[in-house]
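Structural features, examined
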Amino acid sequence: MDMISQLSDDLLIRILSLVRTKHVMATCCLSKRWLLLWSLVPKLDYDDSSYSGENYATFTQFVYRSLMSNKAPVLESLSLTLGPKCQAVDVGRWIETAVCHRVHALILNYTLPYEEETMLSLPSSIYTCETLETLKLSDCFSLDDIPFSVCLPSLKTLEIINVEVSSLTRLLSGCPNLDSLVVDQEDIDVDIVVPSLRKLNMVNYTGGQKGSGFVIDARSLVGLYIKDDVFNDYHRIEYMPKLEKAYVDITCGVRDHKFLKAFTCARKLSLCLSFLEVLSPRSMIFHNLVYLTLNTCVLGWWDLVTHMLQDSPKLRFLKLHDEHDLLLTSIEPPDCWKPPRSVPKCLLHTFEAFEWYGYKGRRGDVVMATYLIEHATWLKEATFFSEESDDKRDRMLEDFTSVAAPSPCFTFYWSWSSDQGMTYSGYLLRKNKLLGWCYWV
């Protein structure tokens, strides 16, 4: 205790900011000095999960008392993790109190039973809070009553997960300095027109139902993550000149390859796209692309391989995998798979490594693998992983012998490993060097 008492008040407050509020308040009984310190802690964190029905009133009184008594110059954050016992009127008052304390961050999680349809609306004061920098909402909140006069000039981070919202576009229009946006919910219908936005994470799902669509117009985006299984009427993404990394998984009807123009500045791309129309041979150049991952579960993925090789002059790493292996089956390239008309620049000058997860050794697979290994002048390593069986092992051995034969500078190695009753195996071809065995789970 003597060592702790020698610390400054500022340092003690910083330490207390890392602790749940109920434990912070318990320190007030240590001494008169601690009686004041707890009320100056700028971060408040409440969780009602440990309170039963009989003593829940104790939790409510505790929140009111500590929140109203807080004397910190600035309330840095208020975190509420609440269950069905909490009354909506209390939650609204706590949020309004935090706004009056010029709160910087609100993290709100309000969970109700599945059969409960009541959603909690946020107080109107939150939409004009000039100090709010971070707003994270999850589960049973409703944003259906967003006013037309939204003004959140300081908001940098917005997360909306499983929240009922009918006018996200209106909310975004009042966030001129938004930097990071996370949206994870059913049937997203939104125009994301935010010039300042640098990071976007969007997950859209409706269980195969039809949706309207989305528009993304954010020229400052650096990182993008989209996962969408909705039959949308449209997907529109405008050109992103600052994009560095993107993950795009849209398995229901991208209209044509023009959709890809938005991603031509990316350095790292992961694509799972189902095109409604056959890819056009007209090129669009991915000048910066170095890392490319393509999913093999969607029809026509082999055409995407062809065009991405042609249009990515700096490509160094290519990975093929079946990310949806529990839901969809990897589709075999046709026997008549057409490689690029001429050897792509990347294969002649930059291409170094190739991985194929879920390799099945079908005729179309072998044709594609052979082309890549034979024409990649600077290839250092090619790795193939597949679920192992005796018949498949023998056939793959023949395949890889024929693939490696034109390239005597390559050696290859086979091994296998078991995990929970399932056996997996992999081939690794490496230039002038035997690396060892690999297995994939």
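Each residue is numbered by its place in its chain's sequence as written, counting from 1. Totals for whole chains, interfaces and linings use all residues, but because this is a predicted model, local features are given only for residues with pLDDT of at least 70 and pairs of side-chain atoms are given and counted only at 80 or more. Computation of side-chain values covers all heavy atoms of the structure but excludes hydrogens and water.

Looking at an unreviewed UniProt entry, one finds the protein chain named FBD domain-containing protein and attributed to Brassica campestris.

1. Examining the overall build of the protein chain
Only DSSP runs of H or I reaching four residues or more are called helices, and only runs of E reaching two or more are called strands; each is numbered from the N terminus. In terms of helices and strands, the protein chain carries 11 helices and 21 strands. The buried share of the protein chain, taken over its 441 residues, is 50%. Each accessible area value is a Shrake-Rupley result obtained with a 1.4 Å probe; residue values ignore everything except the protein chains displayed when judging cover. For the protein chain, the computed accessible surface area is about 21,700 Å², with 53% contributed by carbon and sulfur atoms. Type-normalised accessible area, obtained with a 1.4 Å probe on protein chains alone, sets the label of each residue: buried when under 20%, exposed when over 50%, and partly exposed for intermediate values.

2. A few points about the pattern of salt bridges
Each salt bridge in this description consists of a side-chain nitrogen of Lys or Arg and a carboxyl oxygen of Asp or Glu lying within 4 Å of one another. Using the criterion set out here, one finds 5 salt bridges in the structure. With a shortest N-O distance of 3.7 Å, aspartate 179 and arginine 198 are connected by a salt bridge. You can see aspartate 179 sitting in the loop between helix 7 (168–173) and strand 8 (180–186) and its partner arginine 198 sitting in the loop between strand 9 (190–193) and strand 10 (199–205), a full 19 residues away along the chain.

3. Observations concerning the environment of cysteine 151
Checked against the element boundaries, cysteine 151 lands in the loop between strand 6 (141–142) and strand 7 (157–161). Residues cysteine 151 and serine 173, 22 residues apart in the sequence, show an inter-C-alpha distance of 8.5 Å. A contact between two residues is defined here by any heavy atoms of the two lying within 4.5 Å. Among residues more than four places away in sequence, those in contact with cysteine 151 are Tyr127, Thr128, Cys129 and Gly174.

4. Brief notes about unusual backbone geometry
A positive phi angle is found at arginine 102, which is not glycine, with a value near 55°. Along the chain, arginine 102 falls in the loop between helix 6 (88–100) and strand 3 (105–110). Positive phi, normally seen in glycine, also occurs at asparagine 162, with a value near 55°. Its location among the elements puts asparagine 162 in the loop between strand 7 and helix 7.

5. Quick look at the confidence of the model for the protein chain
Close reading of the predicted structure is inappropriate where its pLDDT is low. For every residue, the predictor reports its confidence as pLDDT, a number between 0 and 100. Considering every residue of the protein chain, the mean pLDDT works out to 78; 68% of them sit at 70 or more. When the elements of the protein chain are averaged for pLDDT, strand 20 (residues 410–419) gives the smallest value, 46, and strand 7 the largest, 95. Segment residues 415–424: pLDDT under 50, and 26 contacts once partners within four positions in sequence are set aside and those in other chains are kept. Across residues 432–441 the pLDDT falls below 50, and counting only partners more than four positions away or on other chains, this stretch makes 27 contacts in the model.

6. With respect to the pairing of strand 16 (residues 291–295)
With respect to burial, strand 16 is a largely interior element, 4 of its 5 residues being buried. DSSP bridges decide pairing: two strands pair if at least two such bridges lie between them. Judged from the 5 bridges that link them, strand 16 and strand 17 (residues 317–321) form a sheet pairing that is parallel. Residue pairing for strand 17: leucine 294 is matched across the bridge by leucine 320.

7. Quick notes on the packing of helix 5 (residues 56–69) against helix 6
Simply put, an axis is a line fit to the C-alpha atoms, just over the touching stretch for a helix, and the angle between two N-to-C directions goes from 0 to 180 degrees. Interhelical geometry of helix 5 versus helix 6 gives an angle of 15° and a closest axis separation of 11 Å. In terms of axis orientation, helix 5 runs roughly parallel to helix 6. For the element pair helix 5 and helix 6, the recorded crossing hand is left-handed. Contact residues: Phe59, Thr60, Val63, Tyr64, Leu67 and Met68 in helix 5; Asp90, Arg93, Trp94 and Thr97 in helix 6. All amino acids are sorted into three groups, where Ala, Val, Leu, Ile, Met, Phe, Trp, Tyr, Cys and Pro are nonpolar, Asp, Glu, Lys and Arg are charged, and the leftover types, Gly among them, are polar. Here the residues of the contact of helix 5 with helix 6 sort into 6 nonpolar, 2 polar and 2 charged. Oblique is the label for every angle not falling under 35 degrees (roughly parallel), over 145 degrees (roughly antiparallel), or within 65 to 115 degrees (roughly perpendicular). Two helices that cross are described as forming a left-handed crossing if the nearer one is turned anticlockwise from the farther one by less than a right angle, and a right-handed crossing if clockwise.

8. Considerations on the state of the cysteines
Here, the term disulfide refers to a pair of cysteine sulfur atoms separated by no more than 2.5 Å. The tally for this structure, following the rule as stated, stands at 0 disulfides. With no disulfide of its own, cysteine 151 lies closest to cysteine 175 among cysteine sulfurs, the gap being 9.2 Å.

9. Some details on the packing of aromatic side chains
The rule is short: rings of Phe, Tyr and Trp, with Trp giving its six-membered ring, pair when the centres are within 6.5 Å, and they are stacked under 30 degrees, edge-to-face over 60, tilted in between. Across all of its chains, the model carries 11 aromatic pairs by this definition. Seen in terms of ring centroids, tyrosine 110 and phenylalanine 141 are 5.9 Å apart; in terms of plane orientation they differ by 55°. Their pairing is tilted. Separated by 31 residues along the polypeptide, tyrosine 110 in strand 3 and phenylalanine 141 in strand 6 bring together distant segments of the chain. Assigned by exposure class, tyrosine 110 and phenylalanine 141 land together as buried. Sitting over a ring, as applied to charges here, requires NZ of Lys or CZ of Arg to be within 6 Å of the ring centre and within 35 degrees of the ring normal. When the ring centre of tyrosine 291 is taken as origin, the NZ or CZ atom of lysine 268, which lies over that ring, is 5.8 Å away. Sitting over the face of the ring of tyrosine 357, lysine 319 holds its NZ or CZ atom 4.9 Å from the ring centroid.

10. Overview of the environment of asparagine 162
Taking relative accessible area as the criterion, asparagine 162 reaches 36% and is therefore assigned partly exposed. Sequence separation of asparagine 162 and aspartate 184 is 22 residues, and the distance between their C-alpha atoms is 6.1 Å. Filtering out sequence-adjacent residues up to four positions away, asparagine 162 remains in contact with Asp139, Asp184, Gln185 and Tyr205.

11. Details of the nonpolar core
Where a protein is soluble and globular, its nonpolar side chains tend to be buried together. Nonpolar core, defined: a set of buried Ala, Val, Leu, Ile, Met, Phe, Trp, Tyr and Cys residues in which side-chain atoms within 4.5 Å join the residues together. Leu106, Leu143, Leu171, Ile192, Phe263, Leu269 and Phe354 are the most contacted members of the largest nonpolar core, which has 111 residues in total. When near neighbours in sequence (up to four residues on either side) are disregarded, phenylalanine 263 contacts Leu224, Ile237, Met240, Leu243, Ala246, Val248, Leu269 and Phe286.

12. What to know about helix 5
Any helix carries an expected span of 1.5 Å times its number of residues minus one. Between its terminal C-alpha atoms helix 5 stretches 20 Å, which fits the 20 Å expected from 14 residues at 1.5 Å a residue. Every buried residue belonging to helix 5 is among Tyr56, Phe59, Thr60, Phe62, Val63, Tyr64, Ser66 and Leu67, and all of these are buried.

13. A closer look at the pairing of strand 8
The buried count for strand 8 comes to 5 of 7 residues, which makes it a mostly enclosed element. Of the pairings in the sheet, the one linking strand 7 to strand 8 comprises 5 bridges and is parallel in character. Bridged to threonine 157 within strand 8 is serine 180. Bridge count between strand 8 and strand 10: 7 bridges; the pairing is parallel. Bridge pairing in strand 10 links glutamate 186 to tyrosine 205.

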